[in-house]
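Breakdown of the fold
Read off the chains here:
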Amino acid sequence: MARRITLSMLFLFMLGITSNAQQWDKYMPEKGRKSIVNKARRVSGVGAAMAGHIALAIWITDPVARAFVSDAIDKERLTPDEAETRYRQLRPEGSIAFLIDARRQTANKPFGNTKASTLDDPLVAAETFLQRADDRNTFSKAEVADHKFEINLGSFFRPGDLQSVYRVVFPRVDRQGKPIIRDLSDKIEIQFNLAGKKIVLDYKVKEVVSRLEDL
């Protein structure tokens, strides 16, 4: 009898946590989260790897931020207020944000053991750009907001792996005040310098989101 009561109380406790967390109005069910994140990620190519570099960039669109925060709700039991704070960290108002997991190979620190926060040569804000592929003179320069941004990517890439990544924020407009992204058909590039190696990763906007409001 006591065991039955204990199990019932545990069930009600867990149900209470779940229902409270899912009160966050942007909560996304687990099914579909990974495919949304995969649409927004790009990985540096063979050339960079042969030079001893590897980089993973994730465009933090509204759906991607919702996927990450919903995953954190499930894992960390965030309250709705905590979830909203995490969402705003990922998507600063009036900006376009990326997460970059950037690594370089060293003699005693292979890719798998080198985190962004321990790189000798972190990303250089002055050499990090969001630009149009059809006109690279239309660009905005980055603010490398945080290169010790802790986020658990395990549910999406490597199970249980807590990464220390760069959080990179761009103005939505170029230096003349014109929008970088104007249409779903646009092709956009993120360019950065990783330990002296220029990396350019490209996105077709319509492959990442279905409406501009989600950027």
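Please refer to the structure higher up on the page.
Predicted model only: the values in this text are computed from it and were never measured. (Residues numbered from 1 in each chain as written. Predicted model: local features only at pLDDT ≥ 70, side-chain atom pairs only at ≥ 80, totals over all residues. Heavy atoms only, no water.)

Turning our attention to the overall build of the protein chain. Counting its secondary structure elements, the protein chain contains six helices and nine strands. Burial analysis of the protein chain (215 residues in total) assigns 43% to the buried set. Pairs at least 24 residues apart make up 66% of the contacts formed inside the protein chain by residues separated by at least 6 positions. When the accessible surface of the protein chain is summed, it comes to about 11,600 Å², and 51% of that surface belongs to carbon and sulfur atoms. (Helix = DSSP H or I, 4+ residues; strand = E, 2+ residues; numbered from the N terminus. Buried < 20%, exposed > 50% of the residue type's maximum accessible area, 1.4 Å probe, protein only. Contact = heavy atoms within 4.5 Å. Areas by Shrake-Rupley, 256 points an atom, 1.4 Å probe, with all protein chains shown as cover.)

A few words on the sheet that holds strand S9 (residues 197-204). Pairing within the open sheet is antiparallel, and its four strands lie in the order S5-S4-S8-S9. Either end of the sheet is taken by a strand with one partner, and the two such strands are strand S5 (135-141) and S9. Pairwise comparison of adjacent strand axes, ignoring direction, gives a mean angle of 30 degrees for this sheet. Where strand S4 (residues 129-132) and strand S8 (residues 187-194) come together, four bridges link them in antiparallel fashion. (Pairing = 2+ DSSP bridges. Axes fitted to C-alpha atoms, helices over the stretch in contact; angles between N-to-C directions.)

Before going further, it helps to examine the packing of aromatic side chains. Under the counting rule described, the total for this entry stands at seven aromatic pairs. Judged by centre distance (5.4 Å) and plane angle (25 degrees), the ring pair of Trp59 and Phe98 falls under stacked. Remark: Phe98 occurs in strand S3 (residues 95-104) and Trp59 occurs in strand S2 (residues 53-59); sequence separation between them is 39 residues. Comparing Trp59 with Phe98, the two get one shared label, buried. (Phe/Tyr/Trp six-rings, centres within 6.5 Å; stacked < 30°, edge-to-face > 60°.)

With that settled, the discussion passes to the nonpolar core. Membership of the largest hydrophobic core comes to 54 residues, with the highest contact counts inside it found for Trp59 and Phe68. Sort the elements by how many residues they give to this core and helix H4 (residues 62-76) lands first, with seven residues. Apart from residues lying up to four places away in sequence, Phe68 is in contact with Val37, Ile58, Ile60, Leu90, Leu99, Ile151, Leu153 and Phe156. (Core = buried A, V, L, I, M, F, W, Y, C linked by side-chain atoms within 4.5 Å.)

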